[in-house]
Amino acid sequence: MAKLKLTVLISGRGSNLQSLLDACALEDYPAEIVQVISNVPGAAGLEKARKAGVPTAVVDHKTFPDRISFEAALNTVIDDAAPGLICLAGFMRLLSDAFVNVWRDRIINIHPSLLPAFRGLNIHERAIEEGVRFSGCTVHYVRPEMDDGPIIVQAAVPVLKDDDAESLSARVLEQEHRIYPLAVRLIAEGRARVTGARVLLEDVAEPEKSLLNPCQN
Ligand code: GRF
């Protein structure tokens, strides 16, 4: 079967991009990255893509007078590669309703919280401040509202008593690197279907038991 073509949009470090590059390097993985685009010229993720032999492009939002012209340029570059799916991986620009609607159900994002909790920024600081016992990460389809959209995969991690934002973020990031390739696989294999506000998954294994934090009675 033909592999699902991915365009990955980044703005920075690109560790989630790297997890997708690693997955795509496996012969039996059902997707391939055809292009990586950054809105930030020096983004470290660009080098990761180059090392993997993936074509890169920069569409620098600062060189455009407004969002409409930036997104028009972005769309032109994306259309060249004709991807089946756009993966936002630390892409730090808000996308307009028009852009999101053009790519509806063909654009996904990864967010470092258990959505719908903790949308926006400074997630780990806020999770610690609120005293939640679990945090995590989410891969979801993108909708015009920020950090909104049908959820494909989530991973939960415990928040430990000595955590600061850095330690919690590292624990969450490890799981991000597992769930992004998993979510893309589910989509590429036709096992994730958007139905209203939900994603129905087919042919997946589900966890049986609950998690406790703390564990003892
Ligand atoms: C990740 O935490 C991701 O969930 C968020 O931005 C961060 C990007 O990190 N959207 P990286 O560039 O993938 O390393």
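Here the structure is shown first, and the text comes after it.
Quick caveat: nothing in here was measured; it's all calculated off a predicted structure.

K.L.:
Looking at this structure, how should I read the overall build of the protein chain?
P.N.:
When helices and strands are tallied, the protein chain shows 6 helices and 9 strands. Computed over its C-alpha atoms, the radius of gyration of the protein chain comes to 17 Å, within 12% of the 17 Å expected for a compact globule of 217 residues. Overall, the C-alpha framework of the protein chain stretches about 60 × 40 × 35 Å when taken along its three principal axes. Residues counted as buried form 46% of the 217 residues belonging to the protein chain. A fraction of 62% describes how many contacts in the protein chain between residues 6 or more apart in sequence connect residues 24 or more apart. Measuring between centres, the 23 positive side-chain charges of the protein chain sit 1 Å from its 29 negative side-chain charges.

K.L.:
Would you take a moment to explain the nonpolar core for this structure?
P.N.:
Across soluble globular proteins, nonpolar side chains show a tendency to be buried alongside one another. In this structure, I33, I108, I152 and V184 are the most contacted members of the largest nonpolar core, which totals 44 residues. It is helix α6 (residues 165-188) that provides the largest number of residues to this core, a total of 9 residues. Discounting residues that sit within four places of it in the chain, I152 has contacts with I108, V139, H140, Y141, A183, I187, A192, V199 and L201. Counting residues in hydrophobic clusters, the runner-up holds 15 residues, among them I78, F91, W103 and I107.

Procedures and definitions
- Residues numbered from 1 in each chain as written.
- Predicted model: local features only at pLDDT ≥ 70, side-chain atom pairs only at ≥ 80, totals over all residues.
- Heavy atoms only, no water.
- Helix = DSSP H or I, 4+ residues; strand = E, 2+ residues; numbered from the N terminus.
- Rg over C-alpha atoms; globule rule 2.2 N^0.38 Å.
- Buried < 20%, exposed > 50% of the residue type's maximum accessible area, 1.4 Å probe, protein only.
- Contact = heavy atoms within 4.5 Å.
- Lys, Arg positive; Asp, Glu negative; His and termini not counted.
- Charge placed at Lys NZ, Arg CZ, Asp CG, Glu CD.
- Core = buried A, V, L, I, M, F, W, Y, C linked by side-chain atoms within 4.5 Å.

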